[in-house]
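What follows is each chain in one-letter form.
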Amino acid sequence: MALERIEVAGVPIDILPPDGLESALVELLSKDGPKQIIFLSIWGLLKARKKSEYANCVKNADLIIPVSKSILKGASFLGYTKPYRYEPFDTVISILTILEKYGKSLYLLGGTKKTILRAERNVHITYPGLQIVGRYIGHYHKRMEQDIVSAIYKSSPALVLLSDGVIGRDCWFSVRREKFRSGLFLYYKDAVSIFAKKKKHISKASFDRGGELYDELFHNPLKIFRFFSYLFYWCILLRERSEIRKQKSNE
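A. Main features of the overall build of the chain. Secondary structure summary: the chain contains 12 helices and 8 strands in total. The C-alpha atoms of the chain give 19 Å as radius of gyration, which agrees with the globular expectation for 251 residues (18 Å, within 12%). C-alpha atoms of the chain, sized along the principal axes, occupy 55 × 40 × 35 Å. Counting only residues that meet the buried cut, the chain has 47% of its 251 residues in that class. Summarising the internal contacts of the chain: among those between residues at least 6 apart in sequence, 78% fall at separations of at least 24. Total accessible area computed for the chain in this model is approximately 13,500 Å², and 54% of it derives from carbon and sulfur atoms. Across the chain, the centroid of the 41 positively charged side chains sits 5 Å from that of the 26 negatively charged ones.

B. Seen up close, the packing of aromatic side chains. For the coordinates displayed, the defined rule picks out 11 aromatic pairs. The interplanar angle of 80° and the centroid separation of 5.4 Å between the aromatic rings of F77 and W234 together place this pair among those described as edge-to-face. One end of the pair, F77, is in helix 4 (residues 69-77); the other, W234, is in helix 12 (residues 226-250), and 157 residues separate them in sequence. For W234, a relative accessible area of 21% gives the class partly exposed. Directly above the aromatic system of Y153 lies the positively charged group of R181, at a separation of 4.5 Å from the ring centroid.

C. Spotlight on the nonpolar core. By size, the foremost hydrophobic cluster in this structure holds 36 residues, and its most contacted members are L96 and L106. For this core, the element with the most residues is helix 5 (residues 88-101), which contributes 6 residues. Non-local contacts of L96, meaning those with residues more than four positions away in its chain, are made with L106, V123, Y127, L130, L159 and F195. Grouped together as the second largest cluster of nonpolar side chains are 27 residues, L46, A48, I71 and I236 included.

D. Structural view of the pairing of strand 4 (residues 63-66). The two faces of strand 4 match: L63 and I65 on one face and I64 and P66 on the other face are all buried. Relative to strand 4, strand 3 (residues 35-40) runs parallel, the two being bridged by 4 bridges. In the sheet register, I37 faces strand 4, and the bridge partner there is L63.

E. Molecular detail of the environment of K179. By secondary structure assignment, the location of K179 is in the loop between helix 8 (171-174) and strand 8 (184-187). With 33 residues separating them along the chain, K179 and Q146 place their C-alpha atoms 9.9 Å apart. Excluding anything up to four places from it in sequence, K179 contacts V149 and Y153.

F. Representation of the layout of surface pockets. Of the volumes computed, that of the second largest pocket is approximately 230 Å³. For the second largest pocket, the full set of lining residues is P18, L21, Y84, R85, Y86, E87, D90, T91, S94, K204, F207 and D208. Those elements giving two or more residues to the lining of the second largest pocket turn out to be helix 5 and helix 10 (204-208). Of the residues that constitute the lining of the second largest pocket, the class distribution is 5 nonpolar, 2 polar and 5 charged.

About the criteria used
Residues numbered from 1 in each chain as written. Predicted model: local features only at pLDDT ≥ 70, side-chain atom pairs only at ≥ 80, totals over all residues. Heavy atoms only, no water. Helix = DSSP H or I, 4+ residues; strand = E, 2+ residues; numbered from the N terminus. Rg over C-alpha atoms; globule rule 2.2 N^0.38 Å. Buried < 20%, exposed > 50% of the residue type's maximum accessible area, 1.4 Å probe, protein only. Contact = heavy atoms within 4.5 Å. Areas by Shrake-Rupley, 256 points an atom, 1.4 Å probe, with all protein chains shown as cover. Lys, Arg positive; Asp, Glu negative; His and termini not counted. Charge placed at Lys NZ, Arg CZ, Asp CG, Glu CD. Phe/Tyr/Trp six-rings, centres within 6.5 Å; stacked < 30°, edge-to-face > 60°. Lys NZ or Arg CZ within 6 Å of the ring centre and 35° of its normal. Core = buried A, V, L, I, M, F, W, Y, C linked by side-chain atoms within 4.5 Å. Pairing = 2+ DSSP bridges. 1 Å grid on protein atoms, 1.4 Å probe; cavity = no way out; pocket = protein on both sides within 12 Å on 5 of 7 lines; lining within 4 Å. Points joined across faces, edges and corners; volume = space filled by probe spheres on them. Nonpolar A, V, L, I, M, F, W, Y, C, P; charged D, E, K, R; others polar.

Listed below in structure tokens is the structure:
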């Protein structure tokens, strides 16, 4: 399916209806070369505005899925089609369900030895038709990197699910893109921990209310200072909307 891609504060966002997720994944897998999916929060969006490795990572991603309400509000404020917001873990579940339907494979990377083995077992039980072709812990020694990359290259999984402990997070794949020949790469920090039942994922009701922000503050109260970044975000949008209106009036 043809996705509509917009820019909010200069950062690309894809508009992907929930009922279009399956066709989008199938289309990505049908194309040559490895592909990257990114879950983009408001804080990630602000980070992606700067010239950095992460900015290049987002710019070159093949599917950029918003997870913050503020991004949706920003798109509407600018007069664009309102994107669809996704809860990361629920989306991972949907992706694995789709991959199992098509008899695809998975590689897990992240977490501790105990959590990844438990996560692998639980994923196997839940998705018996999904082949798990390998796994490795996060925080691995640098000398193991080539072995990990080679294992992923040789096994050619449909999805490499990156999680806690992977250095570079989303950028882990983007800086190594040329070392892979196929597959989807997706980073979600809590994936392995949640599959291992070491951590609970946010409820749909709480996510719909924006409760993930309170969870972040509970674990790190200093994040309250992100409020100033949030104000900066809206200042950017005010300026951008003014520029859009000027362009329209000149047409």
